[in-house]
Protein chains: 2
Amino acid sequence: MTPGVRRWDRDPRETIHPVTLRRFTIKDVAERAQVSLKTVSRVINNEAGVQASTRDRVQVAIAELDYQPDPSARSLRSAQSYAIGLMYDNPNPYYVIAVQNGVLSVCRENGYGLQIHPCDSSSPNLARELIAIAQHARLAGVVLAPPMSERNELVKELVDHGISLVRIVSAAADPQDGSACVFVDDRDAAYEITEHLIQLGHSRIGFLWGGKSHGSSWERHKGYEDALRDYGIAYDDALVIEGDYSFDDGFRGARRLLALADRPTAVFGSNDEIAAGVLAAARSSGMNVPYDLSIAGFEDSPFSKQSWPALTTARQATEEIARHAAQRLLQELRENAPKPTSSNEGFSPELVVRGSTAPPRPKA
Amino acid sequence: MTPGVRRWDRDPRETIHPVTLRRFTIKDVAERAQVSLKTVSRVINNEAGVQASTRDRVQVAIAELDYQPDPSARSLRSAQSYAIGLMYDNPNPYYVIAVQNGVLSVCRENGYGLQIHPCDSSSPNLARELIAIAQHARLAGVVLAPPMSERNELVKELVDHGISLVRIVSAAADPQDGSACVFVDDRDAAYEITEHLIQLGHSRIGFLWGGKSHGSSWERHKGYEDALRDYGIAYDDALVIEGDYSFDDGFRGARRLLALADRPTAVFGSNDEIAAGVLAAARSSGMNVPYDLSIAGFEDSPFSKQSWPALTTARQATEEIARHAAQRLLQELRENAPKPTSSNEGFSPELVVRGSTAPPRPKA
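These lines cover the structure that appears in this document, whether it is placed above or below. (Residues numbered from 1 in each chain as written. Chains lettered and ligands numbered in written order. Predicted model: local features only at pLDDT ≥ 70, side-chain atom pairs only at ≥ 80, totals over all residues. Heavy atoms only, no water.)

**Details of the nonpolar core**
The test is simple: What makes a nonpolar core is a set of buried Ala, Val, Leu, Ile, Met, Phe, Trp, Tyr and Cys residues whose side-chain atoms join them at distances within 4.5 Å. With a 1.4 Å probe rolled over the protein chains alone, any residue whose accessible area is under 20% of its type maximum counts as buried; one over 50% counts as exposed, and the rest are partly exposed. Here, two residues are considered to be in contact whenever any of their heavy atoms come within 4.5 Å of each other.
Membership of the largest hydrophobic core comes to 62 residues, with the highest contact counts inside it found for Ile-84, Val-103 and Leu-114 of chain A together with Ile-84, Val-103 and Leu-114 of chain B. Apart from residues no more than four positions distant in its own chain, Val-103 of chain A is found in contact with Ile-84, Leu-86, Leu-114, Val-143, Ala-322, Arg-323 and Ala-326 of chain A.

**Comments concerning the sheet that holds strand β8 (residues 266-269) of chain B**
Residue and element names in this part refer to chain B. To keep things clear, this is the line we draw: Strands qualify as paired when DSSP identifies two bridges or more between them. Only DSSP runs of H or I reaching four residues or more are called helices, and only runs of E reaching two or more are called strands; each is numbered from the N terminus. Throughout, an axis means a line fitted to C-alpha atoms (over the contacting stretch in the case of helices), and angles, computed between N-to-C directions, take values from 0 to 180 degrees.
Pairing in this open sheet of four strands is parallel, and the strands run β7-β6-β8-β9 from one edge to the other. The open sheet is flanked by β7 (240-241) and β9 (294-296), the only strands paired with a single partner. Pairing geometry for strand β6 (residues 205-208) and β8, over four bridges, is parallel. Residue pairing for β8: Phe-207 is matched across the bridge by Phe-268. Most of the contacts of helix α11 (residues 247-258) go to β6, to which it runs at about 150°, and overall it touches β6, β7 and β8. Packing of helix α12 (residues 272-284) onto the sheet brings it into contact with β6, β8 and β9, and relative to β9 it is tilted by some 160°.

**A look at the pairing of strand β2 (residues 113-118) of chain A**
Residues and elements named next belong to chain A. Convention followed: Every crossover in which the path from the first strand over the helix to the second runs clockwise, viewed with the strands pointing away from the viewer, is termed right-handed.
The buried fraction of β2 amounts to six of the six residues, a majority that puts the element mostly inside the structure. Along β2, one buried face is formed by Gly-113, Gln-115 and His-117 and the opposite face, lined by Leu-114, Ile-116 and Pro-118, is buried too. Strand direction decides the pairing type here: strand β1 (residues 83-88) and β2, joined by six bridges, are parallel. From the neighbouring strand, Met-87 faces β2, where its bridge partner is His-117. Crossover β1 to β2 through helix α6 (residues 93-109) is right-handed.

**A closer look at empty space enclosed by the protein**
Test applied: Cavity and pocket criteria rest on a 1 Å grid covering protein atoms alone: a 1.4 Å probe that fits but cannot get out defines a cavity, protein on both sides within 12 Å along at least 5 of 7 lines defines an open pocket, and an atom within 4 Å of a point defines a lining residue. Grid points are joined across faces, edges and corners, and a volume is the space filled by probe spheres set on the points.
The final tally for this structure, using the stated rule, is six cavities of 30 Å³ or more. For the largest cavity, the calculated volume is near 400 Å³. Around the largest cavity sit 21 residues that line it, and Phe-303 and Ser-307 of chain A together with Phe-303, Gln-306 and Ser-307 of chain B are the ones nearest its centre. Listing elements by their share of the lining of the largest cavity, those giving two or more residues are α12 (272-284) and α13 (302-306) of chain A together with α12 and α13 (302-306) of chain B. Among the elements that make up the lining of the largest cavity, the one with the highest residue count is α12 of chain A (five residues).

**A few points about helix α10 (residues 215-230) of chain B**
Residue and element names in this part refer to chain B. For clarity, the cut-off: In a helix, the anticipated span is given by 1.5 Å times the number of residues less one.
Between its terminal C-alpha atoms α10 stretches 22 Å, which fits the 22 Å expected from 16 residues at 1.5 Å a residue. Residues Gly-215, Ser-216, Ser-217, Glu-219, Arg-220, His-221, Gly-223, Tyr-224, Asp-226, Ala-227 and Leu-228 constitute the buried set of α10. Residue Gly-232 follows α10 closely and has a positive phi angle near 65°.

**Quick look at the environment of Lys-156 of chain B**
Its place among the elements puts Lys-156 of chain B in helix α8 (residues 152-160). With 132 residues separating them along the chain, Lys-156 of chain B and Asn-288 of chain B place their C-alpha atoms 50 Å apart.

**Here we look at the pattern of salt bridges**
All names here are of chain B. In plain terms, the rule: When a carboxyl oxygen of Asp or Glu is within 4 Å of a side-chain nitrogen of Lys or Arg, the pair counts as a salt bridge.
Scanning all chains against the criterion turns up 38 salt bridges over all chains. The salt bridge involving Asp-226 is made with Arg-229; its shortest N-O contact spans 3.1 Å. One end of the pair is Asp-226 and the other is Arg-229, both in helix α10 and three residues apart, which spans about a single turn. A relative accessible area of 11% places Asp-226 in the buried class. Lys-305 serves as the salt-bridge partner of Asp-300, at 3.9 Å between the closest nitrogen and oxygen.

Okay, here's the thing in structure tokens:
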């Protein structure tokens, strides 16, 4: 075992013994990784222009020597919080993995561990649970994903308990509510999808809601509503069906829409899972997509490319969004104080047109 | 803030100060959660017969009071390793989420955090990286998923560095190689799938490999091979195509099989992603599944039920398998010594017949 590397089975009291207080310097890291000081500092400050293999070598050396780049990180670690937490409640594995990978990439670049905490956002004592988790695990801070991130009372309670956090929220503009976040403009993208269907010639456009606990569901519905209004198409309650962000609800909702006397010629599912459910429902009733029915989803999940036909959707840079949230969190941890005044970053998903949308058949 | 709950921003030296050495007892937990001592102990020992809501309340109390159920856990925590790590390298989000959820459920029942570590199993200094991660993060132990779990040299190196681990591996029998694992009999299930296709009347059965770095790929191919042999069907190299556990390789492989003069009437994809790729390839060349082509997958991913037609596959209790691996790990951590002699648990995926397989069309 390399000298200086601490074993976790050592006597914990060693940590206050002078000997182990000897800390390795950036020079030790450079020697061990056989690179220049400049390179080490580039890696530490996560600057461009360092080869992946070199970066790996430096990060391994930093980890092996347990080198602490900056004072705040040192204080964080000595307070035993060298991991951040990711809290989410989402049924879509593709979304969850993308968020995890985005946050994780930033954690690794900065020598943090990532603890994952899927939660039941409907739990009555959610706040207590999340606070207990964060404190028990000694988390340095937390990235809060929807829908928890969009419940202001919950967020306030976490902050009041001294938990540093950055939220990922759905919003058409920077909420500027004093709590750091990265916001995603679902409304604008949903408007574009609806507009795309209208411009193809559709006027009977079904809409399938996502779970109402998610701000994104409301924003996507608002975008749909706004586009119809702007193009002078009457909003028809019969074409709008509530449900969750799931394949099954997409399937069920589509069956209801397709059973209508004056059924829609296009359906906008609030995410790709819903749209995949619509696709299965259409196929199961012998319809030819897109000619008998146009279908659009949202999120650009991998399987939206893999269905037949591939789904028209909105590309949401989930991994990049999560990266920004994590970077913002680590920045605030370094500054050791949140900057409520500093403005938040926003993302806009973009329309991706594929084979599942086409003009409606001319009425016989 | 509740008395007794430590804030992570406290002075770390407090941890050796008598005052904070006052530990809460099981009685404190019972009072706080307003349940009987028996109930607390049931929850701690993870026994049945406790309502989920009660269990939650007790776990919150345990976390809030930072109560340490057992001495070894206490020692682990004071050595700052109260989290376990999950290391994996798998392109399938459904598989990864299932493994995470299985391990996580056990972590929560035992007051551990879970740190996730997706890795590049092809990295040259993987061992160094994993060791550095485990030591840097002070992990109490590690659940090692395929394919890393199946590389004996790597496993040995981790163990030699004092890392406690339990592996999830693909094997037809208990490897009994002295390192703890949970093993999955992919070979037997692959045999059943092939047998099912043969019994439907297929003799030209294509096989699409998963990544060869995964033991499961070899086991599934062996099951296919054995079934053909037992039913006296000659093994035809032209029908066996190498690739990865991905939709794209399934699509590409199927295109090659369907281009053969004497093309197969059935295709067995080594996982559901591959099978979904075969389905898309068949549909893109205007074939009617299952009548023109039978397709079988493996793993019973959610989307195997959602494709049209739904996929015949093998149900693999991934979450349950991961739970067992985590339970085994925590058991060994408590006993503070691995039991190489103790036997390992095995799982056998079971055949699930759905709409994607049918008898071949009679030859004209």
